[in-house]
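What follows is each chain in one-letter form.
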Amino acid sequence: SEIIYATQEVAGWLWEKGWAEKNAGNISINVSPSATDKSSPKKYGNPRKLVCRFPALAGQSLLVTAAGSRMRDLSRDPAQYLGIIRLSSRGDAYQVTWSGRDPFLFQPTSELPSHLAIQEFFIIRRNGNKVVLHTHPDELVALTHLPVYKSTRDLNRLMRAIHPEISYHIPRGVGWVPFLKPGSQALGKATVSTLLHHDIVLWERHGCLATGPDIAGTFDLVDVLNKAAKIFFLRCRA
Ligand code: 2HA
Ligand code: ZN
């Protein structure tokens with residue numbers, strides 16, 4: 001479908017940018033059919049219990065990257081490394097409804113707790129967002145190592161000074177999330193509170209996470225922000 005093709009294209013960009021070493025990065029997109037579509041998709045295997053409930057995600061379908069999948073592989077053969085999961089009516093479990101490989105064996109990304117928390121946040125806020133994109137851009141990650149920029153205020157002041165267009169492309173600025181264990185519920189929770197005020201956040205010593213209504217536009221947020229970080233480091237060297 002169109003969404004899978006767009007995801008394939010973005011996976012290729014992430015790999016070419018050098019932001020996706022090994023299995024780094026992951027994507028989810030809300031692909032729930034419209035409310036008028038009452039057809040129930042085929043489900044594979046028993047419901048898999050989630051460690052916490054996401055009531056607002058009840059019945060929603062999410063296209064997610066597979067655990068351990070490489071962006072460079074996804075860019076060649078997307079269906080093999082993507083699956084669709086559907087949340088139970090209580091929002092406390094999910095079942096796989098599609099995967100290009102064996103749907104019984106499909107395992108969603110290790111960052112699923114963050115993806116679920118953020119996808120639920122989109123629905124609660126009714127902000128029209130559908131895409132969560134996590135990646136490891138070199139310059140942005142390097143920036144999170146510098147003690148003087150470990151705050152939302154200082155980070156945004158720097159980004160706007162370096163690349164004034166940021167105010168136009170990323171009007172709500174960038175959020176700061178202090179280091180938390182990758183794949184943890186805590187990371188998801190901290191990211192959601194930061195997304196109240198921003199559409200893109202940095203994860204200290206890890207990467208960045210961007211949100212938006214479509215995947216190409218969400219990629220653009222990362223690209224624009226990383227450009228600013230790149231210019232910052234080029235300027236330091238000059
Ligand atoms: O998908 O990037 O944060 C691997 C990761 C974990
Ligand atoms: Zn990561």
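Our subject is the structure that appears above.
Presented here is a report on the structure given in the accompanying data block. None of the values given here were measured: they were computed from a predicted structure.

## Describing the nonpolar core
Okay, so step 1: Formed by 40 residues in total, the largest nonpolar core has its most connected members in Leu 14, Leu 143, Ile 200, Leu 202 and Leu 225.
Okay, so step 2: Examining the composition of this core, we find that nine residues originate from one element, helix H8 (residues 215-237), more than from any other.
Okay, so step 3: Counting 26 residues, the second-largest nonpolar core is a separate cluster that includes Val 64, Leu 112, Val 192 and Val 201.

## Observations regarding the coordination of the zinc ion (ligand 2)
Okay, so step 1: Surrounding the zinc ion (ligand 2) are the protein donor atoms His 134 (NE2), His 136 (NE2) and His 206 (NE2), which sit 2.0 to 2.1 Å from the metal.
Okay, so step 2: Judged by its relative accessible area of 15%, His 136 falls in the buried class.

## Details of the environment of Ala 142
Okay, so step 1: Checked against the element boundaries, Ala 142 lands in helix H4 (residues 138-143).
Okay, so step 2: The class of Ala 142 is partly exposed, set by a relative accessible area of 30%.
Okay, so step 3: Each C-alpha atom, one on Ala 142 and one on Lys 230, is 9.7 Å from the other, the two residues being 88 residues apart in sequence.

## Quick word on the packing of helix H1 (residues 2-17) against H8
Okay, so step 1: Between H1 and H8, whose axes approach to 9 Å, the crossing angle comes to 15°. Considered as vectors, H1 and H8 are oriented roughly parallel to each other. Read as a crossing pair, H1 and H8 show a hand that is right-handed. For the pair H1 and H8, the contacting residues are Ala 6, Thr 7, Val 10, Trp 13, Leu 14 and Lys 17 in the first and Ile 215, Ala 216, Phe 219 and Asp 223 in the second.
Okay, so step 2: When the residues that make up the contact of H1 with H8 are grouped by side-chain class, the tally is seven nonpolar, one polar and two charged.

## Considerations on the pairing of strand S5 (residues 93-99)
Okay, so step 1: For S5, the buried fraction is high: six of the seven residues fall into the buried class.
Okay, so step 2: In this sheet, S5 lies alongside strand S2 (residues 44-49) in antiparallel orientation, the contact comprising three bridges. The residue bridging Tyr 44 from the neighbouring strand is Val 96, located in S5.
Okay, so step 3: Pairing of strand S4 (residues 82-87) with S5, which is carried by five bridges, proceeds in the antiparallel orientation. Each residue of the ladder has a partner; that of Ile 85, found in S5, is Val 96.
Okay, so step 4: Once S4 ends, the chain turns through five residues before running back antiparallel as S5, passing Gly 91 with a positive phi of about 70°.

The rules we used
- Residues numbered from 1 in each chain as written.
- Chains lettered and ligands numbered in written order.
- Predicted model: local features only at pLDDT ≥ 70, side-chain atom pairs only at ≥ 80, totals over all residues.
- Heavy atoms only, no water.
- Core = buried A, V, L, I, M, F, W, Y, C linked by side-chain atoms within 4.5 Å.
- Buried < 20%, exposed > 50% of the residue type's maximum accessible area, 1.4 Å probe, protein only.
- Helix = DSSP H or I, 4+ residues; strand = E, 2+ residues; numbered from the N terminus.
- Donors = N, O, S within 2.8 Å, 3.2 Å for Na, K, Ca; no water.
- Axes fitted to C-alpha atoms, helices over the stretch in contact; angles between N-to-C directions.
- Parallel < 35°, antiparallel > 145°, perpendicular 65-115°, else oblique.
- Left-handed = near helix turned anticlockwise from the far one by under 90°.
- Contact = heavy atoms within 4.5 Å.
- Nonpolar A, V, L, I, M, F, W, Y, C, P; charged D, E, K, R; others polar.
- Pairing = 2+ DSSP bridges.

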